[in-house]
Amino acid sequence: MEGLLQAWPQAQMQDWLSLLLRWAHLVTGIAWIGASFYFNWLENQLQRRFGDSDPLAGDLWAVHGGGFYYLQKFRLAPPEMPSQLHWFKYEAYATWLTGFFLLMVVYWWNAPLFLIHPDSSLSPTLAIALSAAVLLISWLLYDGLYRSPLGNKGWVSALLIFAWFTFLAWWLGDYFTGRASYLHVGAAIGSIMVANVFFVIIPAQKNMVASLSDGQTPDGSKGKQALQRSRHNNYLTLPVLFIMISSHYPFSYGGKLGWLVLAVLSLALVGIRHWFNIRHLPGHNRWVLPLSLLLLLGLILSTLPRPAIHISAAATAPLTSEVQPLIDQHCVSCHAKTPSFAGFTAPPLDVVLETTQQIDSQAERIYQAVVVTQTMPLANMQGMTPEQRDLIAAWYLGQETWGQSQGTE
C-alpha cells in the first residue's frame, strides 16, 4: 500500500480528493438545502385555522408521488412522545464537513497558488490561520449579535450582518485571491448556517423532546429562537449557492470591485428568496421580485467589459506571433497538452495554447482572463506586468477591428 501511494502522483491524488469531496459536498448540500426549503415552504403554507387554545398550530394537505399526505404542526408538542421521530441534522453536518475538507484540499494544500493574493506578503501558515479564523470569527459575531437585544431589531441586525460580510469580501481581497475571497465569504456563511443547526436548532428540538418525555411543557422561547435561526439559514442559502459556483465565472470575482459585485448580487438573491417566502400571503409585497430582478439586471449591465485601449486601425495591432512569447512565458506551463506546472495533470478547461492557431482560437477567453478580470495568469506567479497586459489587449482588439472590417467589405 505504501509503495502504491509513493507511485501515485501527488497532483492526481489531489484531483481525486477534490473530485470526491466536491461530489459529496454537492450531494449532502442538496439533501440539507432541499429539507430546509421544504420545511420553510411547509411553515409558510400551513392553514392557520386553529385557535390559540388548540394544540395544533396548523395543518396542510398535499399530493405527491401518486398519494395524498396530511401534515400537522403542533403549537408546542403532541400529547405524548411518538414512537418514531425523524431528525434533520446530519445532512447539515455532512455538508459542512465535506466543504471544510474541500477547503483544505483546494486552498490550504496549494495556498501560494489558489489562496494567497500575488501582492500579499502572507506566508502559507498565516494565510491558512486567517482562513480558519474567518469562519470562527464570523460565527461568534453573528451569534453574539442575535443573542443581544439587537437580535430582535429585524432590519437593523440584518444590515449589520450584511455589512460584516461585505467588509469581509473587501478586506480579504488584500490577502486572498478574488476566487478565495468569495469562497471564504461563502464558507463563513455556511459555517454560520451549520452552527445554527448544531448550537441552536437541534438543542431546542432536544429540549422539546426531553420536556415531553418528562411530562413537562416545552419551553416555547427556545422553539422561537430555533425558528428564527432556521429562517436565517433559508435567506442565506441562495448567496451561498452562488458562491459555490462562482469559481467558474472569473468575471464576477475578478477586478478591484469583485466584493461589490458579490454584495449587490447577494442583495438581489436575498430579495428573490424573500419573494418566494411571502408570495402566498394576502397583499404581499409584489414589488420585491421585480426590484430584485432590476437590481440583478443593473449589476449585469454595469459589469459589461469596457476596453481601456482603443485601436484606430488594425495595422497598429500586434500580431499573434508577437504575443506568443508572452503566452509561452506566462501561460503554457499550465495550458499545454502535458502541463509542466506542478499540480496540473491536464490543461485547465482543456485550453491548450502551444501554437498560434490555438492562441487565435482562444483570443476572447485570453482577453477576458488576462485583461478584463486579470485572474490569469494564475496567482501571477511570474509577474505579468500591466504593459504586457496592454499588449495582449491591443492584440485582441486589433483582431476584433480586423474581423469587423472584413465583415463590412
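Whatever comes next refers back to the structure up there.
Predicted model, so just to flag it, every value in this text is computed and none were measured.

Enquirer: Sorry, what's going on with the nonpolar core here?
Expert: In a soluble, globular protein the nonpolar side chains are often hidden away together inside. If you look at the biggest cluster of nonpolar residues, it comprises 61 residues, and the most contacted ones within it are Tyr107, Leu115, Phe165, Leu168, Phe176 and Val185. Of all the elements in the fold, those that place two or more residues in this core are helix H2 (10–45), helix H3 (90–108), helix H4 (111–115), helix H5 (124–147), helix H6 (155–172), helix H7 (178–213), helix H8 (220–246) and helix H10 (258–278). Take this core: its biggest share by element is 14 residues, from H7. Sequence-distant contacts of leucine 168, that is, excluding residues within four places in its chain, are made with Val134, Ser138, Val185 and Ala188. Grouped together as the second largest cluster of nonpolar side chains are 20 residues, Cys331, Val332, Tyr367 and Trp395 included.

Enquirer: How do you make sense of the packing of aromatic side chains when you look at a structure like this?
Expert: Aromatic ring pairs: the centre-centre distance and the angle between the two ring planes describe each pair. Counted by the stated rule, this structure contains 22 aromatic pairs. Geometrically, the ring pair formed by tryptophan 139 and phenylalanine 199 is stacked, given 5.7 Å between the ring centres and 20 degrees between the ring planes. In this pair, tryptophan 139 sits in helix H5 while phenylalanine 199 sits in helix H7, placing the two residues 60 residues apart along the sequence. Phenylalanine 199 sits in the partly exposed class, given a relative accessible area of 46%.

Enquirer: Is there a simple way to think about the pattern of salt bridges in this case?
Expert: Applying the stated criterion to the full structure yields 5 salt bridges. Between glutamate 43 and lysine 73 there is a salt bridge, with the nearest N and O atoms lying 2.7 Å from each other. Of the two residues, glutamate 43 is situated in helix H2 and lysine 73 in strand E2 (residues 67–74); the sequence distance between them amounts to 30 residues. Residue classification places glutamate 43 among the buried residues on the basis of a relative accessible area of 15%. For arginine 147, the salt bridge goes to aspartate 143, with nearest N and O atoms at 2.9 Å. Note that arginine 147 and aspartate 143 are positioned in helix H5 at a spacing of 4 residues, about one turn of the helix. When salt bridges with common partners are traced through the structure, they connect Glu43, Arg48 and Lys73 into a single cluster.

Enquirer: Please explain H5 as it appears in this structure.
Expert: Every α-helix carries 3.6 residues per turn, so stepping three or four residues along brings you back to the same face. Compared with the 34 Å implied by 1.5 Å per residue over 24 residues, the 35 Å span of H5 between its first and last C-alpha is a close match. Within H5, burial applies to Ala127, Leu130, Ser131, Val134, Leu135, Ser138, Trp139, Tyr142, Asp143, Leu145 and Tyr146.

Enquirer: What is the right way to look at the side chain of serine 131 in this model?
Expert: Within the element layout of this structure, serine 131 appears in helix H5. There is a polar contact of 2.9 Å between the side chain of serine 131 and the side chain of tryptophan 108. Of note is the side chain of serine 131, whose polar atom sits 2.5 Å from the side chain of histidine 184. Residues within four places of serine 131 in sequence aside, it is in contact with Leu103, Trp108, Phe176 and His184.

Enquirer: Help me understand the pairing of strand E1 (residues 56–64) in this model?
Expert: Looking at chain direction, E1 and E2 are connected through 8 bridges and run antiparallel. Among the inter-strand pairings, aspartate 59 is bridged to a residue of E2, identified as glutamine 72. Linking E1 to E2, which pair antiparallel, is a turn of 2 residues; within it glycine 65 sits at a positive phi near 60 degrees.

Enquirer: Just checking my understanding: could you explain the layout of surface pockets for this structure?
Expert: Each pocket or cavity is described by its volume, and for the second largest pocket that value is around 1800 Å³. In terms of lining residues, the second largest pocket is bounded by 46 residues, among which Phe39, Glu43, Lys73, Gln205 and Met208 are the most central. Contributing elements (two or more residues each) for the lining of the second largest pocket: H2, E2, H3, H7 and H8.

Enquirer: Can you walk me through a nonpolar patch on the surface in this structure?
Expert: Where nonpolar side chains cluster on the molecular surface, the patch consists of Leu241, Met244, Ile245, Tyr249 and Phe251 and spans about 460 Å² of accessible area. Among the elements that line the nonpolar patch, the one with the most residues is H8, at 3 residues. According to the relative accessible area criterion, leucine 241 is partly exposed, its value standing at 31%.

Enquirer: Any chance you could explain the side chain of serine 181 here in plain terms?
Expert: Within the secondary structure, serine 181 sits in helix H7. With a relative accessible area of 4%, serine 181 lands in the buried category. Every residue in contact with serine 181, bar those within four places of it in the chain, is listed here: Ala169, Leu172, Gly173 and Phe176.

Enquirer: Got a minute to help me understand the packing of H3 against H7 in this structure?
Expert: Think of two packed helices as two axes; the pair is described by the angle between the axes and how far apart they sit. Axis separation between H3 and H7 bottoms out at 10 Å; the angle between their running directions is 155 degrees. Our classification of the angle between H3 and H7 gives roughly antiparallel. As H3 runs across H7, the sense of the crossing is left-handed. Contacts between H3 and H7 involve Ala92, Tyr93, Trp96, Leu103, Val106 and Tyr107 from the former and Arg179, Ala180, Leu183, His184, Gly190, Ser191, Val194, Val197, Phe198 and Ile202 from the latter. Classifying every residue of the contact of H3 with H7 gives 12 nonpolar, 3 polar and 1 charged.

Enquirer: Can you help me understand the packing of H5 against H7 in this one?
Expert: Relative orientation of the contacting elements H5 and H7 amounts to 50 degrees, with a least axis distance of 9 Å. The angle between H5 and H7 places the two elements in the oblique class. Like other packed secondary-structure pairs, H5 and H7 cross with a definite hand, here right-handed. Taken together, the residues of H7 that come into contact with H5 (itself represented by Ser131, Val134, Leu135, Ser138, Trp139, Tyr142 and Arg147) are His184, Ala187, Ala188, Ser191, Ile192, Ala195, Asn196, Phe199 and Val200. Considered class by class, the residues forming the contact of H5 with H7 number 10 nonpolar, 5 polar and 1 charged.

Enquirer: How should I be thinking about the environment of proline 339 in this particular structure?
Expert: Positionally, proline 339 belongs in the loop between helix H12 (320–330) and helix H13 (356–361). Put simply, proline 339 and valine 352 are 13 residues apart on the chain and 9.4 Å apart in space, counted from C-alpha to C-alpha. Apart from the residues lying within four places of it in its own chain, the contact partners of proline 339 are Ser333, Cys334, Phe344, Thr345, Ala346 and Pro347.

Basis of the calculations
Residues numbered from 1 in each chain as written. Predicted model: local features only at pLDDT ≥ 70, side-chain atom pairs only at ≥ 80, totals over all residues. Heavy atoms only, no water. Core = buried A, V, L, I, M, F, W, Y, C linked by side-chain atoms within 4.5 Å. Buried < 20%, exposed > 50% of the residue type's maximum accessible area, 1.4 Å probe, protein only. Helix = DSSP H or I, 4+ residues; strand = E, 2+ residues; numbered from the N terminus. Contact = heavy atoms within 4.5 Å. Phe/Tyr/Trp six-rings, centres within 6.5 Å; stacked < 30°, edge-to-face > 60°. Salt bridge = Lys/Arg side-chain N within 4 Å of Asp/Glu carboxyl O. Expected span 1.5 Å × (residues − 1). Polar contact = N/O pair within 3.5 Å; in protein donor to acceptor, adjacent residues only side chain to side chain. Pairing = 2+ DSSP bridges. 1 Å grid on protein atoms, 1.4 Å probe; cavity = no way out; pocket = protein on both sides within 12 Å on 5 of 7 lines; lining within 4 Å. Points joined across faces, edges and corners; volume = space filled by probe spheres on them. Patch = residues over 30% accessible without salt bridge, like charges linked within 9 Å, V, L, I, M, F, W, Y side chains within 5 Å. Areas by Shrake-Rupley, 256 points an atom, 1.4 Å probe, with all protein chains shown as cover. Axes fitted to C-alpha atoms, helices over the stretch in contact; angles between N-to-C directions. Parallel < 35°, antiparallel > 145°, perpendicular 65-115°, else oblique. Left-handed = near helix turned anticlockwise from the far one by under 90°. Nonpolar A, V, L, I, M, F, W, Y, C, P; charged D, E, K, R; others polar.

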